[in-house]
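Here are the chains, one letter per residue:
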Amino acid sequence: MHEKWIVETKKGDFDGLSKRLGVSPLVVRCLINRGITDLPQMEKYLRGTLVDLHNPLEMKDMQQAVELICRAIEGGEKIAIASDFDCDGIFAGYILWKGFTRLGIDSRIYTPDRVKEGYGLNKRIIEEALAEGRTVLVTCDNGIAAIPEVALAREKNMTVIVTDHHEIQEKLPAANAILDIKREDETYPFSGLCGAGVAFKLICALYDACGILPEEKEELLEYVAIATVADVMELREENRILVKYGLEALSHTKNAGLRALMEVQGLAGRKINAGHVGFILGPCFNAAGRIATVKESFSLLMEDDPERALQKAQHLKEINEARKQMTEEGAKAAFSQVEKILRETGILPPLLILFLPDTHESLVGIVAGRVKEKYNHPAIVFTRTADGLLKGSGRSIEAYHMFGGLMECRDLMVRFGGHKMAAGMTLREKDLPELTRRLNENAGLTEDDFLPVVRIDAPMPIGFASERLIEQMAEMEPFGVGNPRPIFAEQHFSIRRGWRLGREKQVLKLRVENSRGSQCDALCFRQADEFDAFVREEWGAQELARMYAGQENRLDVAFTYYPQINEYQGMRSIQIQITGFCRVKKEQA
């Protein structure tokens, strides 16, 4: 896929701010490129601590929620936690359960059956909770759209507290208290918390009200971090602090289940970063809720015995491996449909709306994400459910507000919910053609919107990358959505030699040299085959063979990259990780 490279040219007092912060002017440039423009913002961004977290009582209805739960404690009432089956819902539920347990509250987590019941609070959960004598209902990562279900619980004399972070649809449910940072009348300073983040704030407020030491709040940070990263929330403002300290805690967690999962995934003893959570740990918890039962995840988190925890962690890993295979099959079918559209029409519609009846309904969101990544179009993937309805999940691009688009078609929906970048929906099969027509006609997207934009922080010769600079840039972590890793670019690389590494030879290693004579190793992950195809197309197969043989060749390549420190057998060296490549055109030279 072609990319549009844009070098950021934002202005600022790079040298002055650099001296006051004690970092390279290049780090200051990267901060300004991310909208962090003055000294106080930069200091908080680089060196923010838990003291900088907002007071949970600033959240609308928080004081009321605390009073309701404190009243329940005094009255010896039991609480039902209505959670969800994805990673955010799992950890939001676990945070509430762990916090309530610390407060001496008898609580139990209830989750919907993904296939039979779908997302959110339902009648069965309410009835089971009542049958067990639970008079207080607290939702997490759901509930804001459960208007009839909340009304039913209130009719049954339950006290209902909604904690959620999803967009409001038409009106608020009739709960006793609603904690949702997307409320129009919200007073909390930060609207980017995930469901677990909102649940964490509730427990923090309760701990404060009950005189529990601050250190006990910090024991919950690792769960917030996993949920925030796995739910692909923007790593800005308060989320940066929550994830930064949560990842530090996760690296030496006391939770036997998390320790076991890190061991079976080869992460034991390593410093855990956002990538480990997003690509290794988080998917394991998500997989249980997708193709098995979410109880597997809660069972692992609540396990105290190390040996049993290892067995459960291994089982969770195996579930995720099965999920990966099923996802590959679904993605292959989706790509085939898209390529058929291209062959027949020569152009892709604004939204790629696909129907995959043989794909497991819990995987349609992952497949939609794969389609979006490959073609850079908003994608919605549908499958048929056991009751004959269609269940779909969508993933969007920056230029398209998916929830807003669905709101315009809400008359076609049985139910739906989501936000700008992702949404889930259920509809009748007969309405799919009309939904497809309306969404595409109203999309308002242009061809430029489908061209991936790579924002380059600065042109930088590889010789400028030093260990000190790389260490200073590490202060910008954690990296992720809303806080991308700094990307640099340089033209006119010659390639001295290429190697394929790894068990499946999917990692490309290059020895590169720039026009100034600086050399280093360069690694290319997940794009090795694409790079080979690029070289063959631009210079021919013979030049590709010469590159791999370490012979002189005609390659003249521009790379986008970020620098790293490579440690091997006690030796440290600078290497770059390639994120993009193109041929240097004559007019660029």
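Preceding this paragraph is the structure being described.
Figured I'd write up the structure that's included with this text. (Residues numbered from 1 in each chain as written. Predicted model: local features only at pLDDT ≥ 70, side-chain atom pairs only at ≥ 80, totals over all residues. Heavy atoms only, no water.)

**Quick look at the overall build of the protein**
The secondary structure content of the protein amounts to 21 helices and 18 strands. For 589 residues, the compact-globule estimate of 2.2 N^0.38 gives 25 Å, and the C-alpha radius of gyration of the protein, at 25 Å, lies within 12% of that figure. Its C-alpha atoms put the protein at 80 × 60 × 50 Å along the principal axes. Put simply, the protein has 589 residues, and 52% of those count as buried. Taking contacts inside the protein between residues at least 6 apart in sequence as the whole, the part at least 24 apart equals 65%. One way to put it: in the protein the 76 positive side-chain charges average out to a point 3 Å from where the 87 negative ones average out. (Helix = DSSP H or I, 4+ residues; strand = E, 2+ residues; numbered from the N terminus. Rg over C-alpha atoms; globule rule 2.2 N^0.38 Å. Buried < 20%, exposed > 50% of the residue type's maximum accessible area, 1.4 Å probe, protein only. Contact = heavy atoms within 4.5 Å. Lys, Arg positive; Asp, Glu negative; His and termini not counted. Charge placed at Lys NZ, Arg CZ, Asp CG, Glu CD.)

**Overview of helix H16 (residues 364-375)**
The periodicity of an α-helix, 3.6 residues per turn, causes residues three or four places apart in sequence to face the same way. Compared with an ideal rise of 1.5 Å per residue, which puts twelve residues at 16 Å, H16 spans 16 Å between its outermost C-alpha atoms and is within 8% of the ideal. Looking only at H16, the buried set comprises Val-364, Gly-365, Val-367, Ala-368, Gly-369, Val-371 and Tyr-375. Against the buried residues of H16 lie helix H15 (306-345), strand E7 (352-355), strand E8 (379-384) and strand E9 (390-395). Positive phi appears at Asn-376, one or two residues downstream of H16, with a value of about 55°. (Expected span 1.5 Å × (residues − 1).)

**As for the packing of helix H12 (residues 256-264) against H15**
Two elements in contact, H12 and H15, have axes separated by 8 Å at closest approach and are oriented at 55°. With respect to their mutual orientation, H12 and H15 come out oblique. Handedness of the H12/H15 crossing: right-handed. On the side of H12, the interface is formed by Ala-256, Gly-257, Ala-260, Leu-261, Glu-263 and Val-264, while H15 contributes Ala-309, Leu-310, Ala-313, Gln-314 and Lys-317. (Axes fitted to C-alpha atoms, helices over the stretch in contact; angles between N-to-C directions. Parallel < 35°, antiparallel > 145°, perpendicular 65-115°, else oblique. Left-handed = near helix turned anticlockwise from the far one by under 90°.)

**Brief notes about the sheet that holds E8**
Strands in a sheet are paired, the pairing made by backbone hydrogen bonds, and the direction either parallel or antiparallel. If you walk across this open sheet you meet the five strands as E7-E8-E9-E11-E10, and the pairing is mixed. One side of each edge strand has no neighbouring strand; the edge strands of this open sheet are E7 and strand E10 (413-418). The average undirected angle you get between the axes of adjacent strands in this sheet is 15°. As paired elements, E9 and strand E11 (residues 422-427) share six bridges and run antiparallel to each other. Directly across from Lys-391, in E11, lies its bridge partner Thr-426. (Pairing = 2+ DSSP bridges.)

**Topic: the side chain of Glu-513**
Positionally, Glu-513 belongs in strand E15 (residues 507-513). Every residue in contact with Glu-513, bar those within four places of it in the chain, is listed here: His-492, Phe-493, Ser-494, Arg-496, Ser-518 and Gln-519.

**Focus: the sheet that holds strand E2 (residues 78-82)**
Spatial strand order, E3-E2-E4-E5-E6: five strands in an open sheet with parallel pairing. If you trace the sheet from one side to the other, it starts and ends with strand E3 (107-110) and strand E6 (177-180), each paired once. For this sheet, the mean inter-axis angle between neighbouring strands, taken without regard to orientation, is 20°. Of the pairings in the sheet, the one linking strand E4 (residues 134-140) to strand E5 (residues 159-164) comprises five bridges and is parallel in character. Following the sheet pairing, Thr-139 is matched in E5 by Val-162. Packed on one face of the sheet, helix H5 (residues 87-102) meets E2, E3 and E4 and runs near 140° to E4. Against the sheet, helix H6 (residues 123-131) touches E2, E3 and E4, its axis set at about 160° to E3.

**Some thoughts on the side chain of Asn-286**
Residue position: Asn-286 is located in helix H13 (residues 274-291). Residue Asn-286 is classed as buried on the basis of its relative accessible area, which comes to 13%. Of the polar contacts made by the side chain of Asn-286, one reaches the backbone nitrogen of Cys-87; its length is 2.6 Å. Beyond its immediate stretch of four places on either side in the chain, Asn-286 contacts Asp-86 and Cys-87. (Polar contact = N/O pair within 3.5 Å; in protein donor to acceptor, adjacent residues only side chain to side chain.)

**With respect to helix H8 (residues 195-210)**
Compared with an ideal rise of 1.5 Å per residue, which puts 16 residues at 22 Å, H8 spans 23 Å between its outermost C-alpha atoms and is within 8% of the ideal. By the criterion of burial, H8 is predominantly enclosed, with 13 of the 16 residues buried.

**So, the nonpolar core**
One recurring pattern in soluble globular proteins is that nonpolar side chains are buried together. Counting residues in hydrophobic clusters, the biggest one holds 83 residues, and the most contacted among them are Phe-91, Phe-100 and Phe-285. Considering every element that reaches this core, the biggest residue donor is H8, with ten residues. Excluding its chain neighbours within four sequence positions, the residues that come into contact with Phe-285 are Cys-87, Ile-90, Phe-91, Leu-258, Leu-261, Ser-297, Leu-300, Leu-301 and Leu-316. The next biggest cluster of nonpolar side chains, apart from the first, holds 47 residues, and it includes Val-28, Ile-462, Ala-465 and Met-473. (Core = buried A, V, L, I, M, F, W, Y, C linked by side-chain atoms within 4.5 Å.)

**A few points about the state of the cysteines**
In the structure shown here, the tally under the stated rule is zero disulfides. The thiol of Cys-140 is not disulfide-bonded; the next cysteine sulfur, from Cys-194, is found 11 Å away. (Disulfide = S-S within 2.5 Å.)

**Digging into the pattern of salt bridges**
Across all of its chains, the model carries 39 salt bridges by this definition. Between Arg-134 and Asp-106 there is a salt bridge; the shortest N-O distance is 3.0 Å. Separated by 28 residues along the polypeptide, Arg-134 in strand E4 and Asp-106 in the loop between H5 and E3 bring together distant segments of the chain. For the salt bridge of Glu-328 with Arg-370, the shortest nitrogen-to-oxygen distance reads 2.9 Å. Residue Glu-328 is found in helix H15, and its partner Arg-370 is found in helix H16; the two are separated by 42 residues along the sequence. Judged by its relative accessible area of 42%, Glu-328 falls in the partly exposed class. According to the relative accessible area criterion, Arg-370 is partly exposed, its value standing at 24%. One salt-bridge network, in which partners are shared between bridges, spans Asp-106, Arg-108, Arg-124, Glu-128, Glu-132 and Arg-134. (Salt bridge = Lys/Arg side-chain N within 4 Å of Asp/Glu carboxyl O.)

**Description of the packing of aromatic side chains**
Evaluated as defined, the whole model comprises 13 aromatic pairs. Taken together, a centroid distance of 5.1 Å and an interplanar angle of 40° make the contact between Phe-534 and Phe-581 tilted. In this pair, Phe-534 is assigned in helix H20 (residues 528-539) and Phe-581 in strand E18 (residues 571-583), connecting sequence segments 47 residues apart. Classification of Phe-534 as buried rests on a relative accessible area of 11%. Just above the ring of Tyr-375 sits the side chain of Lys-374; from NZ or CZ to the centre is 5.8 Å. (Phe/Tyr/Trp six-rings, centres within 6.5 Å; stacked < 30°, edge-to-face > 60°. Lys NZ or Arg CZ within 6 Å of the ring centre and 35° of its normal.)

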